[in-house]
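# Observations on chain architecture
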Amino acid sequence: MWRTIVRIKQQLTWLLEQIVVLVVAALVLDVLWGVCSRFILGAPSRWTEEVATFLLIWVALLGAAVAFSRDQHLGLDYFAKKLDADARLLLAIIAQILIVVFTGSAMVIGGYTLVSETLSAGQVTPALGIKMGYVYLAVPVSGIFIIVFCLERIIDLVSGAKTDRSDEADVPGEEN
């Protein structure tokens, strides 16, 4: 059962990484086109700056979910390392619960509210004319991924399962 949960997390992380790579590639191409159209062709493109901003939002939020999955997010563990093992475990569980509460309320519920209200208001982007709600959708989507990864970590901590967290984001199908 535990191997299945770890495998699902590995595959989700791998999928997110591939999406982030594709979005970064699109971002690079967009910025290159913006520079070429401005300085080489002498006719700046109207939409490249807007696309770059929206792609950067998606890269940052999905990249944060990937970093959280790999335990590479910002953390202050100096004082936690000074505690005994049981206190560290309790602190880690409490921290993960707080992350779930914050992410669930701010990113998922707040993000959903932002997306739904923006879509219902009909707000569109100036250059592309796409609905802004689709841009803001990055907030609840990344929040859901962070919560899933956080719940996996809580199960890991409570069950005492030991996993080599440095290898968890390998390509699906590879043996660890």
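Below, the structure is looked at part by part. (Residues numbered from 1 in each chain as written. Predicted model: local features only at pLDDT ≥ 70, side-chain atom pairs only at ≥ 80, totals over all residues. Heavy atoms only, no water.)

### Section: the pattern of salt bridges
- If you walk through the whole model with that rule in mind, you get three salt bridges.
- Two residues, E152 and K9, come together in a salt bridge whose shortest N-O distance is 3.2 Å. Of this pair, E152 sits in helix 5 (residues 138–159) while K9 is found in helix 1 (residues 2–40), placing the two residues 143 residues apart along the sequence. One exposure class covers both E152 and K9, and it is buried.
- With its nearest N and O atoms 2.7 Å apart, the salt bridge here joins R70 to E17. Remark: E17 occurs in helix 1 and R70 occurs in the loop between helix 2 (48–69) and helix 3 (85–121); sequence separation between them is 53 residues.
- Owing to a relative accessible area of 28%, R70 belongs among the partly exposed residues under this scheme.
- On the basis of relative accessible area, E17 is assigned to the buried category, the value being 16%. (Salt bridge = Lys/Arg side-chain N within 4 Å of Asp/Glu carboxyl O. Helix = DSSP H or I, 4+ residues; strand = E, 2+ residues; numbered from the N terminus. Buried < 20%, exposed > 50% of the residue type's maximum accessible area, 1.4 Å probe, protein only.)

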